[in-house]
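# Chain and residue survey
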Amino acid sequence: MGNSGFSLIELMICLIIVSVLVIIAVPSLKEVEMSANETWAVTYMRSWVASQESFKLRNTAHRYANSDSELVRAGCLGAPDPGGADPRICGYTFEIRAGSELDDNSREYWEGYARPIALGTTGRYGYFISGKDGMIRYSASGSANESSPPLTNN
């Protein structure tokens, strides 16, 4: 009598092989996802430099925007996500702050932050950018500032 089909042993061996492949592949895919999130965060932050200068030239007060949503509403920056409302994009949260040395509302400088939602899971680094020099700085702690080292490919 001829057997057509697979035995239970053959199916178990296939299942074990597939399981091993999944165990090997998943951590690699997570690294790729984190790298993509980081690249997106840096690219998005770089777009703030031109957007802030455009915003400053367009408004009569000649001041910088205090948020990326303010830049989007003014037509100086494309919406980071289709709804334009969620600050958590591609594993990062983003924040822009404008300020003044005089403590008034002149907004003569700006700085921005990108922080991973879950450090080590959605991103390995936090980023900081200053409108004074346009340089992006990073920190493995998740919160970068003006004293953090600059990105070398900046």
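Above this text you will find the structure in question.
First, a word on scope: everything that follows refers to the structure included in this document. All values reported here derive from a predicted model rather than from experimental measurement.

## Description of the side chain of serine 148
Note on placement: serine 148 falls in the segment after strand S5 (136-139). A distance of 3.0 Å separates the side chain of serine 148 from the backbone nitrogen of asparagine 145, its partner in a polar contact. Not counting the four nearest positions on each side in its chain, serine 148 is found in contact with Arg137, Tyr138 and Ser139.

## Topic: the packing of aromatic side chains
Applying the stated criterion across every chain yields a total of 10 aromatic pairs. Pairing tryptophan 40 with tyrosine 44 gives two aromatic rings, centres 5.0 Å apart and planes at 25°, and the pair type is stacked. You can see tryptophan 40 and its partner tyrosine 44 sitting in helix H1 (residues 8-58), four residues apart, about one turn around the helix. In this structure tryptophan 40 comes out as partly exposed when scored by relative accessible area, which is 28%. Residues tryptophan 40 and phenylalanine 94 carry aromatic rings whose centres are separated by 5.9 Å and whose planes lie at 65° to one another, so their mutual orientation is edge-to-face. Residue tryptophan 40 is found in helix H1, and its partner phenylalanine 94 is found in strand S2 (residues 92-99); the two are separated by 54 residues along the sequence. With a relative accessible area of 9%, phenylalanine 94 lands in the buried category. By the ring-pair criterion, three or more aromatic residues cluster together here, those being Trp40, Tyr44, Trp48, Tyr92, Phe94, Tyr125, Tyr127 and Tyr138. Lying over the aromatic face of tyrosine 109, lysine 132 brings its terminal NZ or CZ to 4.9 Å of the ring centre.

## Here's the deal with the pattern of salt bridges
Tallied over the entire structure, the rule returns seven salt bridges. Between glutamate 70 and arginine 107 there is a salt bridge; the shortest N-O distance is 3.0 Å. You can see glutamate 70 sitting in helix H2 (residues 68-73) and its partner arginine 107 sitting in the loop between S2 and strand S3 (109-116), a full 37 residues away along the chain. Both residues of the pair, glutamate 70 and arginine 107, count as buried. Ionic pairing is found between arginine 137 and aspartate 133, a salt bridge with its closest N-O pair at 3.8 Å. Several salt bridges converge on common partners, so that one network encompasses Glu31, Glu38 and Arg124.

## Considering the pairing of S5
A regular strand carries its side chains on alternate faces of the sheet. Judged from the four bridges that link them, strand S4 (residues 126-130) and S5 form a sheet pairing that is antiparallel. Bridge pairing in S5 links isoleucine 129 to isoleucine 136. Two successive antiparallel strands, S4 and S5, enclose a turn made up of five residues, where glycine 134 displays a positive phi of approximately 70°.

## Comments concerning the environment of serine 100
Structurally, serine 100 can be placed in the loop between S2 and S3. A residue is classified by how much of its surface remains accessible, and serine 100, at 10% relative accessible area, is buried. A sequence separation of 10 residues divides serine 100 from tryptophan 110, and the C-alpha atoms of the two residues are 8.6 Å apart. Beyond its immediate chain neighbours, meaning those up to four positions away, serine 100 contacts Ser106, Arg107, Glu108 and Tyr109. A polar contact is formed between the side chain of serine 100 and the side chain of serine 106, at a distance of 3.0 Å.

Cut-offs and rules
Residues numbered from 1 in each chain as written. Predicted model: local features only at pLDDT ≥ 70, side-chain atom pairs only at ≥ 80, totals over all residues. Heavy atoms only, no water. Helix = DSSP H or I, 4+ residues; strand = E, 2+ residues; numbered from the N terminus. Polar contact = N/O pair within 3.5 Å; in protein donor to acceptor, adjacent residues only side chain to side chain. Contact = heavy atoms within 4.5 Å. Phe/Tyr/Trp six-rings, centres within 6.5 Å; stacked < 30°, edge-to-face > 60°. Buried < 20%, exposed > 50% of the residue type's maximum accessible area, 1.4 Å probe, protein only. Lys NZ or Arg CZ within 6 Å of the ring centre and 35° of its normal. Salt bridge = Lys/Arg side-chain N within 4 Å of Asp/Glu carboxyl O. Pairing = 2+ DSSP bridges.

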